[in-house]
Amino acid sequence: MSTTLDYPSTNPDAPQGHPGHLTSEQESKVVQLRAALQQAGCTERLDDPSMCRFLRARKWDINLAKEMFLNCEKWRREFGVVDIAKNFQYPEKEAVSKYYPQYYHKTDKDGRPVYIEQLGAIDLKKMYEITTQERMMQNLVYEYEKFVDPRLPACSRKAGKLIETSCTILDLKGVGITSISSVYGYVKQASQISSDYYPERLGKMFLINAPWGFSGAWKMVAKLLDPATVAKINILGSSYHSELLAQIPAENLPKQFGGKCDCADRGGNCAMSDAGPWNDPQYLK
């Protein structure tokens, strides 16, 4: 039964509500949720960090957290997540990346894996000549599973503390009303998978090259969101380099975003290099 981890299970820098930073009431709710899930037949992903993530996602309501966890388990069975994680092959990845660059690349100063997505480059018409939306979703889930293991455990071992989240760069350069409407269905489905089945995985997000008027619209949307989520998101225009470099070491940030990395030792293509601790044998188990 998976209740223990083979990498650091606490982070001294984490806020309250995270492992090692729980009130006595929260500790009790972690125990209660785990017991309720075990009684429901669950045997996997019952470690403290997972229990805390689902409880935080549901404001520490045990019944709602249990419902969310069971819905996640049901989806994992129906979508075939275990099989995807083990066997999915995506030979069209490099070709798809030309029309929708999305990739993990090294770590930020807090030890989080950096995830980069260039929404403005999306061309669904050309992508669907190469792949299908179903395969794109399968690849999304495959990458999420790799994010959960081996990426986060490797980052935790390297940092010497629990790393549970990503540092995301969302590049909006080229995004317009037309492109937004054409990709809305895909982005909505991808976002739902993230929020429903991989909760509490966002550490920081930088929206760069935000178009004119975006900040104003964001202020309206932000009023409807959880303040804790809003605090993680930074809306930046084209002068974003100093902000990114304050969070991500220059040697870990691709040159196109103001860093120094060109992955010369990995073919010169940061988007395809998958560079990070998760490819270093000393941080793998």
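Let us look at the structure shown here. (Residues numbered from 1 in each chain as written. Predicted model: local features only at pLDDT ≥ 70, side-chain atom pairs only at ≥ 80, totals over all residues. Heavy atoms only, no water.)

**Focus: the overall build of the protein chain**
In terms of helices and strands, the protein chain carries 12 helices and 5 strands. In terms of overall dimensions, the protein chain is globule-like: its C-alpha atoms have a radius of gyration of 19 Å, near the 19 Å expected for 285 residues. In the protein chain, buried positions account for 45% of the 285 residues. For the protein chain, the proportion of contacts with a sequence separation of at least 24, taken over those separated by at least 6, is 72%. Looking at the protein chain as shown, the accessible area adds up to about 14,700 Å², and 51% of this sits on carbon and sulfur atoms. Put simply, the protein chain has 36 plus and 34 minus side-chain charges, and the middle of one group is 2 Å from the middle of the other. (Helix = DSSP H or I, 4+ residues; strand = E, 2+ residues; numbered from the N terminus. Rg over C-alpha atoms; globule rule 2.2 N^0.38 Å. Buried < 20%, exposed > 50% of the residue type's maximum accessible area, 1.4 Å probe, protein only. Contact = heavy atoms within 4.5 Å. Areas by Shrake-Rupley, 256 points an atom, 1.4 Å probe, with all protein chains shown as cover. Lys, Arg positive; Asp, Glu negative; His and termini not counted. Charge placed at Lys NZ, Arg CZ, Asp CG, Glu CD.)

**Considering the environment of Met 136**
Position of Met 136 among the secondary structure elements: in helix 7 (residues 133-159). Residue Met 136 is classed as buried on the basis of its relative accessible area of 2%. Spatially, the C-alpha atoms of Met 136 and Pro 113 are 21 Å apart, while their sequence positions differ by 23 residues. With residues near it in sequence (within four places) discarded, Met 136 still touches Tyr 90, Tyr 100, Met 127, Tyr 128, Thr 131 and Tyr 186.

**Quick look at the sheet that holds strand 3 (residues 166-171)**
On the basis of which strands lie adjacent, the open sheet formed by 5 strands has the order 1-2-3-4-5 and mixed pairing. In the strand order of this sheet, the two ends are held by strand 1 (102-107) and strand 5 (233-235), each with one partner. Across this sheet, the average inter-strand angle for adjacent strands is 20 degrees, counted without regard to direction. Here strand 1 pairs with strand 2 (residues 113-118) via 4 bridges, running antiparallel. Each bridged residue has a counterpart across the sheet, and for Gln 102 the counterpart in strand 2 is Glu 117. Where helix 7 meets the sheet, it contacts strand 1, strand 2 and strand 3, and its direction lies at approximately 5 degrees from that of strand 1. (Pairing = 2+ DSSP bridges. Axes fitted to C-alpha atoms, helices over the stretch in contact; angles between N-to-C directions.)

**Remarks on the side chain of Asn 252**
The topology assignment puts Asn 252 in the loop between helix 11 (241-247) and helix 12 (270-273). A relative accessible area of 14% means that Asn 252 is categorised as buried. Here the side chain of Asn 252 touches Thr 107 through a polar contact of 2.8 Å, landing on its backbone oxygen. Ignoring sequence-local partners within four residues, the contact set of Asn 252 consists of His 105, Lys 106, Thr 107 and Cys 261. (Polar contact = N/O pair within 3.5 Å; in protein donor to acceptor, adjacent residues only side chain to side chain.)

**Some points on the packing of helix 1 (residues 24-39) against helix 3 (residues 62-79)**
Across the interface, helix 1 lies against helix 3 with an axial gap of 10 Å and an inter-helix angle of 45 degrees. Classified by the interaxial angle, the pair formed by helix 1 and helix 3 is oblique. Relative to helix 3, helix 1 is oriented so that their crossing is right-handed. Along the contact surface, helix 1 presents Lys 29, Gln 32, Leu 33, Ala 36 and Leu 37, while helix 3 presents Ile 62, Ala 65, Lys 66, Phe 69 and Leu 70. Each residue belonging to the contact of helix 1 with helix 3 can be placed in one class, and the counts come to 7 nonpolar, 1 polar and 2 charged. (Parallel < 35°, antiparallel > 145°, perpendicular 65-115°, else oblique. Left-handed = near helix turned anticlockwise from the far one by under 90°. Nonpolar A, V, L, I, M, F, W, Y, C, P; charged D, E, K, R; others polar.)

**So, the environment of Arg 34**
With respect to the secondary-structure elements, Arg 34 resides in helix 1. A C-alpha to C-alpha distance of 36 Å links Arg 34 and Ile 248, two positions 214 residues apart in sequence.

**Focus: the pattern of salt bridges**
By the definition in use, this model includes 16 salt bridges. In this structure, Asp 110 and Arg 112 form a salt bridge, with 3.2 Å as the shortest nitrogen-oxygen distance. A salt bridge links Lys 255 to Asp 262; its shortest N-O distance comes to 3.6 Å. Each of the salt bridges in this network shares a partner with another, and the network as a whole consists of Lys 93, Glu 143, Lys 146, Arg 151 and Asp 274. (Salt bridge = Lys/Arg side-chain N within 4 Å of Asp/Glu carboxyl O.)

**A word on the nonpolar core**
Counting 54 residues, the largest nonpolar core has Ile 193 and Tyr 198 as the members making the most contacts within it. The leading source of residues in this core is helix 7, at 9 residues. Of all hydrophobic cores here, the second largest spans 18 residues; its members include Tyr 240, Leu 244, Cys 261 and Cys 270. (Core = buried A, V, L, I, M, F, W, Y, C linked by side-chain atoms within 4.5 Å.)

**Considerations on the pairing of strand 3**
Counting buried positions along strand 3 gives 6 out of 6 residues, so the element sits mostly inside the fold. Burial along strand 3 is two-sided: the residues Ser 166, Thr 168 and Leu 170 and Cys 167, Ile 169 and Asp 171 are all buried. Pairing of strand 3 with strand 4 (residues 202-208) involves 6 bridges; the strand directions are parallel. When the sheet's bridge partners are listed, Thr 168 is paired in strand 4 with Met 205.

**Re the side chain of Asp 47**
On the secondary structure map, Asp 47 appears in the loop between helix 1 and helix 2 (48-57). Of the side chains with opposite charge, Arg 53 lies nearest to the buried Asp 47, which makes no salt bridge, at 6.3 Å. Polar contacts involving the side chain of Asp 47 include one to the main-chain amide nitrogen of Ser 50, which spans 2.9 Å.

Any link to function would need more than the numbers given here.
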